[in-house]
Amino acid sequence: MDLASRYKGVVGLVFGNENSASNEDSYVERLLDRISNGVLAEDRRTAMAELQSVVAESHAAKMAFGVMGFPVLMGVLKEEREDVEMIRGVLETLVSALTPSDHAKGPGNEVQPALMNTDLLAREAENISLLLSLLSEEDFYVRYYTLQILTVLLTNSPNRLQEAILTIPRGITRLMDMLMDREVIRNEALLLLTYLTREAEEIQKIVVFEGAFEKIFSIIKEEGGSDGGVVVQDCLELLNNLLRNNASNQILLRETVGFDALISILKLRGSAYSFTQQKTINLLSALETINLLMVGGAEPGKDTNKLTNKTVLVQKKVLDYLLMLGVESQWAPIDVRCGALRCIGNLIAGHPKNLDALATKFLGEEPQVEPALNSILRIILRTSSVQEFMAADHVFKSFCQRNSDGQAMLASTLIPQPHSMTHAPIEEDVNMSFGSMLLHGLTLSESDGDLETCCRAASVLSHVLEDNIQCKERVLRIELESPMPSLGAAEPLMHRMVKYLALASSMKNKDGKSRSTRKVYVQPIILKLLVTWMVDCSSAVQCFLDSRPHLTYLLELVSNPSATVCIRGLAAVLLGECVIYNKSSERGKDAFTVVDAISKKVGLSSYFLKFDEMMQTFIFSSEKQVEPHKRLMRSAAASMADIDDVDEQDSSDQKEDHPILSSIFDSSFVNFVKRVEKDIRETIADIYSHPKSEVAVVPAEMDQKNGESDKDYIKRLKSFLEKQCSEIQNLLGRNATLAEELAKTGGSSQNEQKASGGSERVQAETLRRDLQEASQRIEMLKAEKAKIESEASMYQNLAGKMESDLKSLADAYNSLEQANFHLEKEVKALKKGGVSAVPDIEAIKEEAREEAQKESEAELNDLLVCLGQEQNKVEKLSARLLELGEDVDKLLEGIGDDMGLPEDDEEDED
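Residues numbered from 1 in each chain as written. Predicted model: local features only at pLDDT ≥ 70, side-chain atom pairs only at ≥ 80, totals over all residues. Heavy atoms only, no water.

Caption draft 1: Structural context of the overall build of the protein. Across its full length, the protein carries 47 helices and four strands. Classification of the 910 residues of the protein by burial places 45% in the buried group. Look at the contacts in the protein between residues 6 or more apart in sequence, and 72% of them connect residues 24 or more apart. (Helix = DSSP H or I, 4+ residues; strand = E, 2+ residues; numbered from the N terminus. Buried < 20%, exposed > 50% of the residue type's maximum accessible area, 1.4 Å probe, protein only. Contact = heavy atoms within 4.5 Å.)

In structure tokens, the structure reads:
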């Protein structure tokens, strides 16, 4: 009663006051008194039955029982073991006292009597020992209720019960004996052992020593393997608890029972097309067991044990069963297919023989036989499930990692197909090679504007190229036909990928709802491919920079506020790779050009800020851990089986922690980005801090003055360049002298501070002077631009005036032609009338025509002279505008469109 007295205040809090709970208290107290002090056995049994009923139904009675009932009932268990009916009643009452009442859910802060009672009962190790001793009783219900009580205690107070069981002699042995009992008892004991072995390594060792592996697989076989019920699930959960991070238990399983019994669970028996919810859970549990064996244990020698497990598993043909479940059984639930694919990836990772086994594996039946890798690639390109894409992508990631021969084999099949095959439907890829199917997937999206398939194929290609210079060089030489042959020749595959990168951005801006939001991962995956491609590959950098718009687009992408932080950061990494892996000395494509463009278009501080922002996201943060596979327990199994896919639920929002991004940007890629960021910062700072090798802004002295002959202009340029070279040589000499002096006096901190301060002042003055000159140059260019625009406007007005004059002249000429036509008609009329004045009229007509023609020719010659002069001015102005970067065609738009019409009419009429 000492322990119970501690809860007196709690009872008062729950009941409010003693009067409000007096009925329950007094009733429970009277029943306990009848049980402990009663004379007639039947009366005591009746009191026990009434106590069990009231405790099961009443929240207050359950609390009152916890305060005063445990000592009475535990005394009955000790002293009256022969009265089986009484023992049953005690155990039933304890089960009711420890089980929460479904109909009595109070406020969240209210004390739960079931939890309080569990704590009270588990405090005393003697109580646990007493309960374990009841397992040896012959009565079925005594053993059954005892197991239920132990399970409830373990659920609510696991640590306390585990410690108590370890201190009790033969405590685990008694529980293990229950596995050979009747089915109901066995199932309860199995569930209890499952809870008991989750975190207790010592208990795990004892359970294995007591023959757990043999008993587990015996029960699984008896229940029907994967087609069995929830008992199979409990057996596999217990097995997983014993193997998880426990190398010694894994070795014991491998060397005693073996893996055959485990692998046989993966065999599809009976109707292979029938997958019930429980069968799905059982298969997932078995796949989890396979994964645990491939993870190994936490002890020294973990890698050796892991490799041995993988070797034995493949020898036992587990790869065939996994391929059946993950690739060939497309009617299987999505979770099973994904689990099998992840098992395949883990099975081949870091194991050369298993890599070769998968590379040489063929699926299907004659004549529809194809390599297993082709089938897995088809899943990536065709599946509508993001989960399945990530699982299949994991296979290629594991296959290509540190497997240069495998990468070379896959890259050797990358052969461009004719344009007709490139745009064939994806269903027609059955007879294609791996590389042709991959290129097909890369370019297929162009026809329908959906880049989903393209980005998936890009992810596979990035695995093929990773850390393999030969593959990168080989793929660089791949050229794809233009979508429209009339648009030009073939283009490199890299240029096509940059084009798709820009297309994904335009799609996002055009359609902000269904298509773009679900495809938030398209641009990051393509960017990852380009980043992977350029690592240690100067040829890839030069191929990228061969097209000047690529650098311009990348600079825009880095500073694009509508892009995600991840996209801007990856674009910044790509720009940095164009600097650190750039071996070119060609002007306009060297590292200095890229750094200069970054400085002008983005700004170095803003550029470096993109790295900091990206590193703060969930994907790249140091807090991101490799999430362990969620344990498949009873509580989570049902919900997992009901969910076929989660891709369309959570991927509709543009999140930085999209599940695909978390999978694609794994720890190895994140660590690479962190390493390369440091190199990018150092290289750019080094290039930017050195004197520029070329003049960024053309000085005003280099412009040809008005009226200056070409010979004088060349002489002046020559003298200017000689002067500049002399100044540069002087500065280099001074820098060398200062460097020598600084090296000699390097031990003096005072001299270091002075030198540092002097160099800072010189650098600041140089930057100030450069800025001032640039500002002046900009102002001059603005003024000159305004002047040229004013002259262009004036000449535009003059051209308009000339056009109107020309139209007036054409109208006058037409009037003259009409008058001439009327005169001819009069002459004809006079001829018919017999008048003899025809010669005089002809002479007058001819004289008038010559005079009009002379006048019109004179006016036309004047206009042509004016037009020639103006044309010369316009050509000079156009050349100057082109030098200033203005669009001449846009400025002259609409000028002279109608001038040709009157002239054409004149020529026709002549």
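Further notes follow.
Caption draft 2: Here's a closer look at the side chain of T93. With respect to the helices and strands, the residue T93 is situated in helix α7 (residues 84-98). Reaching out from T93, the side chain makes a polar contact with the backbone oxygen of G89 at a distance of 2.7 Å. What T93 contacts, discounting residues up to four positions off in sequence, is M48, L51, Q52, V55, F65 and L73. (Polar contact = N/O pair within 3.5 Å; in protein donor to acceptor, adjacent residues only side chain to side chain.)

Caption draft 3: The side chain of T151, seen in detail. Along the chain, the position of T151 falls in helix α10 (residues 140-156). By relative accessible area, T151 is classed as buried at 8%. With residues up to four places along the chain from it excluded, the contact list for T151 reads E188, L192 and Y195.

Caption draft 4: The arrangement of the packing of aromatic side chains in detail. Tallied over the entire structure, the rule returns eleven aromatic pairs. Geometrically, the ring pair formed by F140 and Y141 is edge-to-face, given 5.2 Å between the ring centres and 80° between the ring planes. With a relative accessible area of 15%, F140 lands in the buried category. The exposure class assigned to Y141 is partly exposed, which follows from its relative accessible area of 39%. Taking the centre distance of 6.3 Å and the plane angle of 40° together, the rings of F669 and F672 count as tilted. Remark: F672 and F669 occur in helix α42 (residues 667-689); sequence separation between them is three residues, near one turn of the helix. A relative accessible area of 6% places F669 in the buried class. For F672, a relative accessible area of 14% gives the class buried. Taking NZ or CZ as reference, K279 lies 4.8 Å from the ring centre of F275, over its face. A cation sits over an aromatic face here: K528 above F669, 5.4 Å from the ring centre. (Phe/Tyr/Trp six-rings, centres within 6.5 Å; stacked < 30°, edge-to-face > 60°. Lys NZ or Arg CZ within 6 Å of the ring centre and 35° of its normal.)

Caption draft 5: Structural context of the pattern of salt bridges. As enumerated under the stated definition, the model contains 30 salt bridges in all. Note that R34 is salt-bridged to E50, the shortest N-O span being 3.4 Å. One end of the pair, R34, is in helix α3 (residues 22-37); the other, E50, is in helix α4 (residues 41-57), and 16 residues separate them in sequence. E50 sits in the partly exposed class, given a relative accessible area of 28%. Ionic pairing is found between E613 and R568, a salt bridge with its closest N-O pair at 3.7 Å. Of this pair, E613 sits in helix α38 (residues 604-615) while R568 sits in helix α36 (residues 565-580), and the two are 45 residues apart along the sequence. A relative accessible area of 12% places R568 in the buried class. (Salt bridge = Lys/Arg side-chain N within 4 Å of Asp/Glu carboxyl O.)

Caption draft 6: Here's a closer look at the confidence of the model for the protein. Looking at the protein as a whole, its pLDDT mean stands at 80, while 78% of the residues score no less than 70. Confidence scores differ between elements of the protein, with helix α2 (residues 8-15) showing the lowest mean pLDDT of 40 and helix α22 (residues 334-348) the highest of 96. Counting contacts from residues 508-518, a segment whose pLDDT is below 50, to residues more than four positions away or on other chains yields 19 contacts. In the predicted structure, residues 899-910 sits below a pLDDT of 50 and forms 13 contacts with residues beyond four places in sequence or in another chain. (pLDDT = per-residue confidence, 0-100.)

Caption draft 7: Main features of the nonpolar core. Counting residues in hydrophobic clusters, the biggest one holds 224 residues, and the most contacted among them are Y607 and F620. Per-element accounting of this core gives the leading share, eleven residues, to α36. Both domain 1 (211-333) and domain 2 (537-637 + 660-693) contribute no fewer than three residues apiece to this core. In contact with F620, other than residues within four places in its own chain, are C566, L570, M614, M615, F665, F669, V670, V673 and K674. (Core = buried A, V, L, I, M, F, W, Y, C linked by side-chain atoms within 4.5 Å. Domains from an automatic or database assignment.)

Caption draft 8: The arrangement of unusual backbone geometry in detail. Even without being a glycine, N245 presents a positive backbone phi close to 55°. In this structure, N245 sits in the loop between α16 (230-243) and α17 (247-255).

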